[in-house]
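Listed below, chain by chain, are the residues.
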Amino acid sequence: MTSRRLRFLFTLGLPFSPLYALVMRLRAWLYHRGLLRRQKMAVPVISVGNLTMGGTGKTPLVIYIARLLEAMDLKPAILSRGYGRQSARGEGDRVVVVSDGSPGGGLLVGPERAGDEPVLLARSLPGVPVLVAKRRVLSSRHAVDRLGADSLLLDDGFQHLALVRDLDLVLFSARDLPLGARVFPGGPLREPWSALERADALVVTGVDDANREQVGRFRLFLQGLLPDTPSFIGEYLPVCLLDGRSGRSMALDRGRGKPWYGFAGIAQPGSFQETLQRANFLVTGFRSFADHHPYTPADMAELMAAARQRRAGGLITTEKDLVKLQPLAGDYPLLALRVALFMEESFDEFLRRRLLACCGQ
């Protein structure tokens, strides 16, 4: 959806923002007072979520934290809602185990039943169980009782108040900082700014030289709003390319110096286009799809035709999109760019300190 159309819709919805904000405040108050039931797990629960709608880099941060937990000799499991998946008929609240984390276990279900992000998480973290369920209280019990998890990572969990968390991280995208934003439907905020009082730390992702000054001003705004809540920044950097058919990784230089046609079906596809340009890839054209777009053979045919028209030698996309494209990949060259999140060292120190406190160490 274009920014112009979004602004128009937010303008129409502005009169209803106070009502929606009131409903969200009431909901949070009911959970806080115990009038709506919350489940407390026996293991630490870390939530990674948003105050805003749209992408803020939750999946890369979940991967980052999971690896940090593994380095601390913990056995984390990831709990996801599985947005964009096609639930099996009659599945209801059943827990779908995408990966059980066992050696050589691999994927147990595909993106159709799990969603693209849980499959990406399972492929990126072969030793970490990934579970999908509408009610993450159920998947948390399954992860602890049946898979032996001793820590839980709640993906997109800031508004999922039914599960008590020990650490609440709220992310913002440096590409779309919400200064002056209003609550839905008059703006992109899922809850009022006051909801950030529940957060233990704030993270701004996608910081680069072009937006660093603006991010600095936003962090000052956050500090004024919540003087006792720390904020951290993270930067995305390309690490390698992935072959579209085999998934095999290769050096970035293998894709440079050749013309590519780029495309992405993520929350902010323009950010991927900019990443390609900053990484010195020659992009002759680009197409944006909606987030979680279910690719079809017709889509691939259109993309290949567009690439030929733009005299590109192949297609290049995101690792998240590749999850759904591998079954459609034929002989036409298709690559995915793997991008990793790099956090400042103080974030690692903060996370370790809080986790040791949660574990009573």
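Above this note sits the structure.
As the structure is a prediction and not an experimental result, all values here were calculated from the model.

## Some thoughts on empty space enclosed by the protein
Part 1 of the reasoning: Under the defined criterion, the tally for this structure stands at one cavity of 30 Å³ or more.
Part 2 of the reasoning: Empty space within the largest cavity amounts to approximately 30 Å³.
Part 3 of the reasoning: Residues of the lining of the largest cavity, tallied by class, amount to one nonpolar, two polar and four charged.

## Brief notes about the nonpolar core
Part 1 of the reasoning: Core analysis: the biggest nonpolar cluster contains 38 residues, and L61, I65, L153, L169 and F347 have the highest contact counts within it.
Part 2 of the reasoning: When residues in this core are grouped by element, the largest group, eight residues, is from helix α3 (residues 58–71).
Part 3 of the reasoning: A21, W193, L202 and L222 belong to the second-largest nonpolar core, a separate cluster that totals 22 residues.

## Focus: the environment of V119
Part 1 of the reasoning: In this structure, V119 sits in helix α5 (residues 116–124).
Part 2 of the reasoning: Accessibility expressed as a relative area gives 0% for V119, which makes it buried.
Part 3 of the reasoning: A C-alpha to C-alpha distance of 23 Å links V119 and T275, two positions 156 residues apart in sequence.
Part 4 of the reasoning: For V119, the residues in contact, after removing those within four places along its chain, are V98, L107, V109, G110, P111, A114 and V323.

Calculation rules
Residues numbered from 1 in each chain as written. Predicted model: local features only at pLDDT ≥ 70, side-chain atom pairs only at ≥ 80, totals over all residues. Heavy atoms only, no water. 1 Å grid on protein atoms, 1.4 Å probe; cavity = no way out; pocket = protein on both sides within 12 Å on 5 of 7 lines; lining within 4 Å. Points joined across faces, edges and corners; volume = space filled by probe spheres on them. Nonpolar A, V, L, I, M, F, W, Y, C, P; charged D, E, K, R; others polar. Core = buried A, V, L, I, M, F, W, Y, C linked by side-chain atoms within 4.5 Å. Buried < 20%, exposed > 50% of the residue type's maximum accessible area, 1.4 Å probe, protein only. Helix = DSSP H or I, 4+ residues; strand = E, 2+ residues; numbered from the N terminus. Contact = heavy atoms within 4.5 Å.

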